[in-house]
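What follows is each chain in one-letter form.
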Amino acid sequence: MRWKTARSKSRLLAITGLMGIVLWAGAGQAKEGKVPVILSLVPYYHWIAETKTPLDQFTFLVNGIRMTGKTGAAEKYQNSLHVHFHLTRIKHTMIEIKEGEHTVFKADVFYAPSFVPNKFIPEAAVIQPFHTVDNERPCLGCHRLTVTPEDSSPADITKEVCYPCHHLDYEGKKYPHAPAALSWSCPQCHISEPVKQNYKDKHPLRFTIKVGSDAQPVCYDCHVALKRRNLGYAYIHGPVDMGACTICHNPHAADRPHLLQDDITTLCVNCHGLHAMMKKKVVHPIIKKAGCTACHDSHGSPNPKQLIKPLYELCISCHKKLAKRRNNHPVAGHPTYIKAAVAGAKDKINCVSCHNPHASDYPEMLPAGELMQVCTHCHPTKGR
Ligand code: HEC
Ligand code: HEC
Ligand code: HEC
Ligand code: HEC
Ligand code: HEC
Ligand code: HEC
Ligand code: HEC
Ligand code: HEC
Ligand code: HEC
Ligand code: HEC
């Protein structure tokens, strides 16, 4: 499982993957002929620098084309030039800043949110976090960066410490998460003291994520009933057990109900590498209609494979005819369900003994096209 590799884990758990801004002559500056590839976990990239040069002497290029309102915006606050570039998901965005004819900054920024599997991310891409004490220093003249107790439940959100710099991040999202994009209680989940990271960069990072009580995800500190339910399941889903809630949920705001990061079936298929399965000739029609969660619970369940019901009951809950036919499927007298423990039975059997629950290259999701071959799978000669 790809997500278990060390690289992806640190990307997930370290708060991770954010890019940062690059100060005037700072690190990440384009070297002759070599454009740095920067990995961003957020759909924008800020470039902020001190300069006396007027705004109209600069040119901002996005993929070689002059920046428009759709691709970004530039603003000068006294001597501070603020450029905000929009990025496209799982795509490269080449950004370039020219002062007159001279290129002062050039970078290839790749935006991939934290739930995107590593195989989609270019090898060369590096993360450049912003919130180190050194990076923040030039901003302090105009921006507050010390967290006060009021910031945990601000009366006026526009006065909250993070708001002036981060309010564009969540604007226009349909579903705000209450403590984040709604009430701006950012320090409920983010720590203000610098914390050492396992990035190449040795500077401790500020605003990393708190660990919740009992070393569980911070999410459970508020979602207490859910914590009890999830941790009580006999079969808990891998990423839920790892506390990787943000692979599926955006902690701030999203365009999908339940703050889902993406179409849930896409998330499942990507992580489990099931793209080939989805391209087979016969895909269980219910997958297209209702997705993976028609049968699996995303968090966990009392049943193996996180099935929402015990296997046989699950299948016949939709295929009610089969329940009426009882043991007369696919041929008269044939059992469709034998528990392993039933006395006298040579073998256990259930619906997935013959049908793949997801897909196959043959009608009815059977393992072979010839009916005879289906039978000889278990009966070396026809019948028994
Ligand atoms: C000369 C004063 C000044 C300095 C220095 C300054 N900023 Fe700003 N910044 C502003 C003002 C004013 C705004 C607009 C605030 C508002 O809309 O409430 C702003 C807005 C922003 C925004 C919101 C997006 C945008 O482009 O409007 C970000 C992000 C930001 N600043 C980051 C920084 C960072 C990072 C630094 C330090 C590298 C910095 N600023 C230094 C004055 C400054
Ligand atoms: C002075 C402006 C400013 C303020 C204030 C600010 N941020 Fe940021 N933050 C940035 C910039 C710039 C980035 C880099 C991403 C980008 O390009 O916008 C960033 C990135 C981050 C990241 C990603 C990790 C990193 O270090 O790059 C986190 C997490 C974060 N901010 C949290 C917060 C929280 C929480 C607050 C309030 C407690 C806050 N920020 C206040 C400007 C600011
Ligand atoms: C419910 C907890 C929670 C709250 C409240 C919260 N955050 Fe976060 N934030 C997180 C988590 C968890 C991550 C790491 C996301 C990941 O790994 O994908 C994160 C990551 C970030 C990042 C990095 C980019 C990204 O989206 O992954 C920024 C910037 C950020 N938070 C800013 C804020 C600001 C500003 C607020 C207040 C409006 C805030 N956060 C409130 C939990 C929270
Ligand atoms: C500070 C308290 C707090 C924390 C921490 C918190 N949440 Fe929430 N969350 C809320 C509140 C309040 C609501 C809105 C009320 C509700 O639907 O339960 C909410 C709603 C949600 C919803 C939507 C519920 C639905 O029925 O659609 C999801 C999903 C969610 N939170 C996930 C998370 C995740 C993931 C984390 C950790 C990154 C987290 N929450 C951390 C307070 C919190
Ligand atoms: C594999 C994807 C996935 C992961 C990982 C995941 N969730 Fe969910 N979660 C979902 C889906 C999908 C729903 C929508 C309800 C449903 O279909 O079961 C949901 C619903 C929710 C809800 C609202 C409804 C409810 O059951 O209360 C909350 C809150 C929530 N999740 C929190 C979390 C927390 C906290 C974590 C981490 C411990 C987490 N989720 C991990 C996919 C996921
Ligand atoms: C972060 C990537 C990730 C996502 C997204 C994800 N899973 Fe998983 N899933 C895992 C991991 C890790 C395991 C544990 C597998 C293991 O231990 O080998 C697992 C286990 C499972 C199992 C049990 C497998 C077994 O052999 O017991 C099922 C079923 C499953 N996932 C279905 C789903 C469904 C359905 C979705 C979408 C709602 C989904 N997964 C989304 C990573 C993911
Ligand atoms: C019609 C119900 C149903 C739907 C819909 C469904 N599954 Fe399953 N899935 C099952 C059953 C039943 C099993 C257990 C098979 C077994 O025990 O041999 C299973 C097993 C799994 C496993 C464990 C490994 C394996 O292949 O046996 C994974 C992972 C999985 N499903 C992922 C998914 C994903 C991802 C989707 C959506 C694309 C999905 N499932 C949709 C019924 C379903
Ligand atoms: C949530 C409802 C649902 C569940 C649960 C479900 N199915 Fe289905 N299944 C359907 C639908 C809808 C079709 C489309 C044909 C139809 O209406 O019967 C279908 C079709 C099939 C077909 C015929 C495929 C074809 O070629 O048209 C088979 C075989 C099948 N299901 C087996 C199973 C098995 C085995 C299980 C248990 C692992 C199961 N189903 C669980 C809804 C479901
Ligand atoms: C011993 C193997 C076997 C078992 C066990 C089995 N099936 Fe089938 N099933 C078949 C075969 C073979 C066909 C195709 C029949 C044909 O083409 O005449 C089929 C056809 C189907 C169909 C499509 C036609 C129809 O009759 O509606 C559905 C739906 C179906 N099975 C569901 C199930 C469910 C649900 C279970 C568990 C209760 C199950 N099957 C158990 C072998 C099996
Ligand atoms: C997944 C394995 C499996 C497949 C595939 C399978 N069977 Fe069976 N079959 C069994 C089991 C198990 C029994 C019950 C034997 C017992 O009770 O010990 C059985 C019993 C039978 C019986 C005897 C019923 C009776 O009255 O005792 C017949 C006839 C039969 N199968 C025909 C078929 C035919 C025809 C096919 C192909 C359409 C087929 N089987 C496919 C496992 C299978």
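Residues numbered from 1 in each chain as written. Chains lettered and ligands numbered in written order. Predicted model: local features only at pLDDT ≥ 70, side-chain atom pairs only at ≥ 80, totals over all residues.

(A) How the structure looks around the overall build of the chain. Counting its secondary structure elements, the chain contains 14 helices and 15 strands. Counting across all 384 residues of the chain, residues that qualify as buried make up 21%. Intrachain contacts of the chain at a sequence separation of at least 6 include 57% that bridge at least 24 residues. (Helix = DSSP H or I, 4+ residues; strand = E, 2+ residues; numbered from the N terminus. Buried ≥ 20, exposed ≤ 12 C-beta atoms within 10 Å, placed from the backbone. Contact = placed C-beta atoms within 7 Å.)

(B) How the structure looks around the site of ligand 8. Taken together, 19 residues sit near ligand 8, with Pro285, Ile286, Cys315, Cys318 and Cys351 positioned nearest. Of all the secondary-structure elements, those providing two or more residues to the shell around ligand 8 are helix 10 (285–290), helix 11 (311–318) and helix 13 (351–354). The element best represented in the shell around ligand 8 is helix 11, accounting for four residues. Tallied by class, residues from the shell around ligand 8 come to 14 nonpolar, four polar and one charged. (Near = placed C-beta within 6 Å. Nonpolar A, V, L, I, M, F, W, Y, C, P; charged D, E, K, R; others polar.)

(C) Layout of the sheet that holds strand 5 (residues 72–77). Strand order in the open sheet formed by three strands is 2-6-5, with antiparallel pairing between adjacent strands. Each having just a single partner strand, strand 2 (44–50) and strand 5 make up the two edges of the open sheet. Along the sheet, successive strands turn relative to each other by an average axial angle of 15 degrees, direction set aside. Bridge analysis of strand 5 against strand 6 (residues 80–86) gives six bridges, and the strand direction is antiparallel. Its bridge partner lying in strand 6, Lys76 is registered against Leu81. (Pairing = 2+ DSSP bridges. Axes fitted to C-alpha atoms, helices over the stretch in contact; angles between N-to-C directions.)

(D) Geometry of the pairing of strand 7 (residues 92–99). Relative to strand 7, strand 3 (residues 58–62) is paired through five bridges, and the arrangement is antiparallel. Looking across to strand 7, one finds that Phe60 is bridged to Ile97. With eight bridges joining them, strand 7 and strand 8 (residues 102–111) adopt antiparallel strand pairing. Each bridged residue has a counterpart across the sheet, and for Ile97 the counterpart in strand 8 is Phe105. From the end of strand 7 to the start of strand 8, which pair antiparallel, there are two residues, and Gly100 there has a positive phi angle of about 65 degrees.

(E) How the structure looks around unusual backbone geometry. The peptide bond linking His329 to Pro330 adopts the cis configuration, its omega dihedral lying at 0 degrees. Examined against the element boundaries, Pro330 turns out to sit in the loop between helix 12 (320–325) and helix 13. With a phi angle near 60 degrees, Phe207 is a residue other than glycine that sits in the positive phi range. Tracing the backbone through its elements, the reader meets Phe207 in the loop between helix 4 (178–182) and helix 5 (219–222). Given 22 C-beta atoms within a 10 Å radius, Phe207 is considered buried.

These values are about where atoms sit, not about what they do.
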